[in-house]
Amino acid sequence: MLRSYAQNNLNFTRMCFLVNCLKRFKSSQEWLTRQKADPYVEKAKFYNYRCRSAFKLIEINEKTKLLQPGQTVVDLGAAPGSWTQVAVAETNAAGADPARPRGAVLAVDKLQIFPIEGASIMSNIDLSTAEAADRVAAALGGRGVDVVLSDMAPSATGVRELDKDRIIGLCYMALRFAALVSKVNGSFLFKVWDGKEVPMLQMDLERFYERTKVLKPQASRSESSEKFILARGFKGIQRPLQNGRWG
Ligand SMILES: C[S@@+](CC[C@H](N)C(=O)[O-])C[C@H]1O[C@@H](n2cnc3c(N)ncnc32)[C@H](O)[C@@H]1O
């Protein structure tokens, strides 16, 4: 009896493995078809951006004028680097235009980021821990940041609720970082997957920033629950009150 139980269990595990492989195969086929039909993929190749995400930031920037020459920008979850490329161009961090003030851009990711002219790079930094975020803050040497960008996203597990919890965790980590390094009046743009936690996140943001706005650029696929929240007018470091909430 024990043997037949073990045999059934093994068959069930094999079946799950096969179903998972088929699911992955199907979704990689769908991904390839979607990539081929996507105009932003072609456009990214044409303009030499490392990936199509560049157009999300370009669009947001066109609408909001978030990035300006001379600014200091930190790009969290920056690999492969297309947002950093956009930030370098907009802030003039590579000094391409001598008539405009020269900015500075720091790109951070847990993966390898290959060099980008005009940007400082910190690869292999996992920002899910406060210690890692503090190391990045220390690397700024006290320089106040005008704009913190975060396009960080966890690798999807396929379990929707778990994935949403993980991205919310990253958003709070990025918010903590932004609160630590931003100049008064600085801005924070980050990605989130829509869900019931988002209104709470926005309420928390309002303690630190004057105003917040939810954005869905056209370059962000309509079937994706991805959204971007732009918080502007950083109020300065808030001190925790005695009841553990932020003042
Ligand atoms: C959508 S990609 C960013 C694309 C990038 N904005 C661009 O335009 O090239 C998300 C990135 O977040 C990074 N990421 C996810 N979790 C992270 C973590 N805990 N620490 C640092 N980076 C993280 C991933 O490694 C990945 O490179």
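- Labelled according to an unreviewed UniProt entry, the protein chain appears under the name rRNA methyltransferase 2, mitochondrial, originating from Plutella xylostella.
- Database annotation for the protein chain, UniProt heading Sequence similarities (unreviewed entry): "Belongs to the class I-like SAM-binding methyltransferase superfamily. RNA methyltransferase RlmE family."

Some words on the packing of aromatic side chains
Both the distance between ring centres and the angle between the ring planes are used here to describe each pair of aromatic rings.
Working step 1: On inspection of all chains with the given rule, the structure shows eight aromatic pairs.
Working step 2: With a centroid separation of 5.1 Å and an interplanar angle of 85°, the aromatic rings of F46 and Y47 are classed as edge-to-face.
Working step 3: Exposure remark for F46: the relative accessible area of 67% places this residue in the exposed category.
Working step 4: When its relative accessible area of 48% is taken as the criterion, Y47 is described as partly exposed.
Working step 5: Both rings, one in Y209 and one in F234, keep their centres 5.4 Å apart while their planes meet at 50°; by these two values the pair is tilted.

Regarding the site of the ligand
Working step 1: The environment of the ligand is made up of 21 residues, and the closest members are S82, D109, D126, L127 and D151.
Working step 2: The separation between an oxygen atom of the ligand and a polar main-chain atom of A78 is 3.4 Å.
Working step 3: In this structure, G81 approaches the ligand through a main-chain N or O atom, which is 2.9 Å from an oxygen atom.
Working step 4: Here the ligand loses 89% of its free accessible area of 590 Å² to cover by the protein chains.
Working step 5: Classifying every residue of the shell around the ligand by side-chain character gives 11 nonpolar, five polar and five charged.

Things to note about the sheet that holds strand β7 (residues 226-234)
Working step 1: Spatially, β3-β2-β1-β4-β5-β7-β6 is the arrangement adopted by the seven strands of the open sheet, whose pairing is mixed. Of all strands in the sheet, those with a lone pairing partner are β3 (119-122) and β6 (209-215), marking the two edges. Strand after strand, the sheet turns through a mean of 15° between neighbouring axes, direction not considered.
Working step 2: Here four bridges tie strand β2 (residues 104-108) to β3, and the two strands are oriented parallel to one another.

Points about the pattern of salt bridges
Working step 1: Taken as a whole and judged by the stated rule, the model has 13 salt bridges.
Working step 2: For K56, the salt bridge is made with E226, and the minimal N-O distance between the two is 3.2 Å. Of this pair, K56 sits in helix α3 (residues 54-64) while E226 sits in strand β7; the two residues are 170 residues apart in sequence, bridging distant segments of the chain. Judged on exposure class, the residue K56 and its partner E226 are both buried.
Working step 3: The shortest N-O distance in the salt bridge between E161 and K196 comes to 3.9 Å. Residue E161 is found in helix α6 (residues 160-181), and its partner K196 is found in the loop between β5 (182-193) and α7 (198-208); the two are separated by 35 residues along the sequence.
Working step 4: What emerges from the salt-bridge pattern is a single network uniting K56, D151, K191 and E226.

Digging into the side chain of S150
Working step 1: Structurally, the position occupied by S150 is in strand β4 (residues 145-150).
Working step 2: A polar contact is formed between the side chain of S150 and the backbone nitrogen of M152, at a distance of 3.4 Å.

Focus: the packing of α6 against α7
Working step 1: Viewed as axis vectors pointing N to C, α6 and α7 meet at an angle of 5°, and their least axial separation amounts to 12 Å. As summarised for this structure, α6 and α7 are arranged roughly parallel, according to the angle between their axes. For the pair formed by α6 and α7, the contact residues are I168, C171, Y172, L175 and A179 on the first element and M200, L201, D204, L205 and F208 on the second.
Working step 2: When its residues are assigned to classes, the contact of α6 with α7 shows nine nonpolar, no polar and one charged.

Rules used throughout
- Residues numbered from 1 in each chain as written.
- Predicted model: local features only at pLDDT ≥ 70, side-chain atom pairs only at ≥ 80, totals over all residues.
- Heavy atoms only, no water.
- UniProt positions renumbered as here; feature names shortened; annotations may be inferred.
- Phe/Tyr/Trp six-rings, centres within 6.5 Å; stacked < 30°, edge-to-face > 60°.
- Buried < 20%, exposed > 50% of the residue type's maximum accessible area, 1.4 Å probe, protein only.
- Near = heavy atom within 4 Å.
- Polar contact = N/O pair within 3.5 Å; in protein donor to acceptor, adjacent residues only side chain to side chain.
- Areas by Shrake-Rupley, 256 points an atom, 1.4 Å probe, with all protein chains shown as cover.
- Nonpolar A, V, L, I, M, F, W, Y, C, P; charged D, E, K, R; others polar.
- Pairing = 2+ DSSP bridges.
- Helix = DSSP H or I, 4+ residues; strand = E, 2+ residues; numbered from the N terminus.
- Axes fitted to C-alpha atoms, helices over the stretch in contact; angles between N-to-C directions.
- Salt bridge = Lys/Arg side-chain N within 4 Å of Asp/Glu carboxyl O.
- Parallel < 35°, antiparallel > 145°, perpendicular 65-115°, else oblique.
- Contact = heavy atoms within 4.5 Å.

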